[in-house]
Amino acid sequence: MVCAVGDICTNELENRHHMGGGLGPIMPEEHVALIVLGTDGAIGAGLEPNMISPKRLGRGEISLARVSHATLDDIRLFVVKEKTCIGAAAVEVSKLRSVAASWKESGRQMVSRGACVLPDVNEGDHDSHASLKTCAGYEHLGQTLLGTVKTAVCAELRKKFGTIRRVDEIFTAPAPSIPTTSETWCVQEQSAQPIDTARHCSIFDCLFAKLSWLRRR
Amino acid sequence: MSLFNVNQPSQLSLVIAGALVGASVYVATVSGGAFQSYEHVGSPPTASAAMLVKQPSELVLFATQSHFEDALARVRSELDNNDLITAQSATRDAVSLYTQLSSAVSPNFFVNDIGFAAIEWRIGQRGLLLIFGGDGKVTLAKTSENSGYAESMEEHELVASTYKLIDGIIRNIHGADC
């Protein structure tokens, strides 16, 4: 299937969450980040060539995090784990979807999207996990032309990601965890100022606030 | 493993010189020298002898070979046998082309996980990517604010006019720095 350059495609609308549901399709205005682990790369430098390589792109193995749905703690817990984290490179999804591949076939100029940005959540992944995958639009090409197109698409995708930045410049600090005591819950729900819980907040008020918060989530 | 199968540094320029005279190579020894077939020295570059227009300096040749050997070593575990054969031809073509360029601007050299070799010059949004698939040709891909590498690709033979074209594009990207 050939995906239109720039627009969200049917592959990207498909639900790829291992449990169903999930956060839904990745919108063009969202930002995604590629976390740079290991030793290759430095803050301020571009992505190393093999961070986005044809085979890994073809297998959909290039992992991304949806910036607005992940916190620093999520990144530490689900991505970095015990590894060395150099930083991350982030880009607006529409820019990745605008990467096009163009070639001549039987005298006609053909154009296809370079890669799809899929909301791809497998078991053990955070819900904000996404992946970058080659678009099927040019997979039928002969070996040398296919390799050339893939090499150029990978280079353009790297360029779109720009430079590596500190992870805490891209991801926000973790949201406060749900408090367990009624006192702190009321402080958070009703006002930024500490309040006298005995006077303003009965246990039922707090339970109600907590339930409505959970419903909103 | 060496990509070029040339064990003695002093033989390197002679191998290139040998390519100019055809299918044999003059190998210097302590007691003199003799022409040997390529089988004894190493396989020739995919690019033919006519494609070499100047004698590359040993330093540039060594540095370029070494960049590509490092790049290949980084992806070696991901290459199957076919990819490796592609990589060997592709890197030979890339070295052969790079050593013919006049530009003094250092690019990035890399080999990817399908065995394609590439040389990239980039400043900000503008850049030139040379892609080698091991078929004795080079694909020039340009990028700018308005178009991507994969949108403007041109295939060229490894000949003198291509080297001039590439030098011109690099000068255009780097402006006065080049």
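Predicted model, so just to flag it, every value in this text is computed and none were measured. (Residues numbered from 1 in each chain as written. Chains lettered and ligands numbered in written order. Predicted model: local features only at pLDDT ≥ 70, side-chain atom pairs only at ≥ 80, totals over all residues.)

Enquirer: What is the right way to look at the overall build of chain B in this model?
Expert: Helix and strand counts for chain B stand at five helices and seven strands. For chain B, the N- to C-terminal ordering of α and β elements is α-β-β-α-α-α-β-β-β-β-β-α. Evaluated residue by residue, chain B yields a buried proportion of 42% over its 178 residues. Taking all contacts inside chain B whose residues are at least 6 apart in sequence as the whole, residues at least 24 apart take part in 58%. (Helix = DSSP H or I, 4+ residues; strand = E, 2+ residues; numbered from the N terminus. Buried ≥ 20, exposed ≤ 12 C-beta atoms within 10 Å, placed from the backbone. Contact = placed C-beta atoms within 7 Å.)

Enquirer: Any chance you could explain the environment of B:T143 here in plain terms?
Expert: With respect to the helices and strands, the residue B:T143 is situated in strand β6 (residues 137–143). Apart from the residues within four sequence positions on either side, B:T143 is in contact with A:E156, A:K159, B:R126, B:G127, B:G148 and B:Y149.

Enquirer: Got a minute to help me understand unusual backbone geometry in this structure?
Expert: Negative phi is the rule for most residues except glycine; trans is the rule for most peptide bonds. The residue A:S106 is not glycine, and still its phi comes out positive at about 50 degrees. In this structure, A:S106 sits in the loop between β5 (100–105) and β6 (108–113).

Enquirer: Looking at this structure, I do not really get the sheet that holds strand β7 (residues 115–118) of chain A. What am I missing?
Expert: Sheets are built from strands paired through backbone hydrogen bonds, the pairs being either parallel or antiparallel. All names here are of chain A. The five strands lie next to each other as β4-β2-β3-β9-β7, forming an open sheet whose pairing is antiparallel. Across the chains shown, the open sheet's two edge strands, defined by having one partner strand only, are β4 (85–92) and β7. Each strand axis lies, on average, 35 degrees off the axis of its neighbour in the sheet, ignoring direction. Examined bridge by bridge, strand β3 (residues 62–66) and strand β9 (residues 129–134) share four bridges and lie antiparallel to one another. (Pairing = 2+ DSSP bridges. Axes fitted to C-alpha atoms, helices over the stretch in contact; angles between N-to-C directions.)

Enquirer: I tried to follow the interface of chain B and chain A on my own but got confused; where do I start?
Expert: By a widespread convention, an interface's size corresponds to the accessible area lost as its parts come together. On the chain A side, the residues contacting the 23 residues of chain B number 23 residues. Each residue belonging to the side of chain B that touches chain A can be placed in one class, and the counts come to 11 nonpolar, six polar and six charged. (Nonpolar A, V, L, I, M, F, W, Y, C, P; charged D, E, K, R; others polar.)

Enquirer: What am I meant to see in the nonpolar core here?
Expert: Considering soluble globular proteins, one finds that nonpolar side chains tend to be buried as a cluster. One finds A:A33, A:L34, A:A152 and B:L130 to be the most contacted residues of the largest nonpolar core, which totals 81 residues. With eight residues, helix α5 (residues 143–161) of chain A is the largest single contributor of residues to this core. Apart from the residues within four sequence positions on either side, A:A152 is in contact with B:L129, B:I131, B:A141, B:Y149, B:A150 and B:M153. (Core = buried A, V, L, I, M, F, W, Y, C linked by C-beta atoms within 7 Å.)

Enquirer: What exactly am I supposed to notice about the environment of B:A141 here?
Expert: Among the secondary structure elements, B:A141 is positioned in strand β6. On a C-alpha basis, the gap between B:A141 and B:E151 in space is 7.8 Å, while along the polypeptide they are 10 residues apart.

Enquirer: Just to check I follow, could you spell out the environment of A:V36 for this structure?
Expert: Residues and elements named next belong to chain A. In this structure, V36 sits in strand β2 (residues 31–37). With 49 residues separating them in the primary sequence, V36 and C85 have C-alpha atoms 6.1 Å apart. Ignoring any residue separated from it by four or fewer positions in sequence, one finds V36 in contact with G41, M51, I86, G87, A88, A89 and I164.

Enquirer: Just checking my understanding: could you explain the sheet that holds strand β3 (residues 108–111) of chain B for this structure?
Expert: Taken in spatial order, the five strands make up an open sheet running β3-β4-β5-β6-β7 (chain B), and their pairing is antiparallel. Since the sheet does not close on itself, it has two edges, and those belong to β3 and β7 (153–157) of chain B, each with one partner. Each neighbouring strand pair of the sheet contributes to a mean axis angle of 20 degrees, computed without reference to strand direction. Note that β6(B) and β7(B) share five bridges and pair antiparallel. For B:L140, the partnering residue across the bridge sits in β7(B) and is B:E154. Sheet strands in contact with α5(A) are β4 (117–123), β5 (126–132), β6 and β7 of chain B, and its direction is about 150 degrees off that of β5(B).

Enquirer: Would you mind going over the pairing of β5(B) with me for this structure?
Expert: Put simply, side chains in a regular strand alternate between the two faces of the sheet. All names here are of chain B. Burial analysis of β5 places six of its seven residues in the buried class, the great majority of the element. Summarising the sheet, β4 and β5 pair through seven bridges and their orientation is antiparallel. Each bridged residue has a counterpart across the sheet, and for I119 the counterpart in β5 is L130. Counting the residues that bridge the hairpin from β4 to β5 gives two residues, and of these G124 lies at a positive phi of roughly 60 degrees. Alignment of β5 against β6, held across five bridges, turns out to be antiparallel. Its bridge partner lying in β6, L128 is registered against K142. Connecting β5 to the next strand, β6, in antiparallel fashion are four residues, including G134 with a positive phi near 80 degrees.

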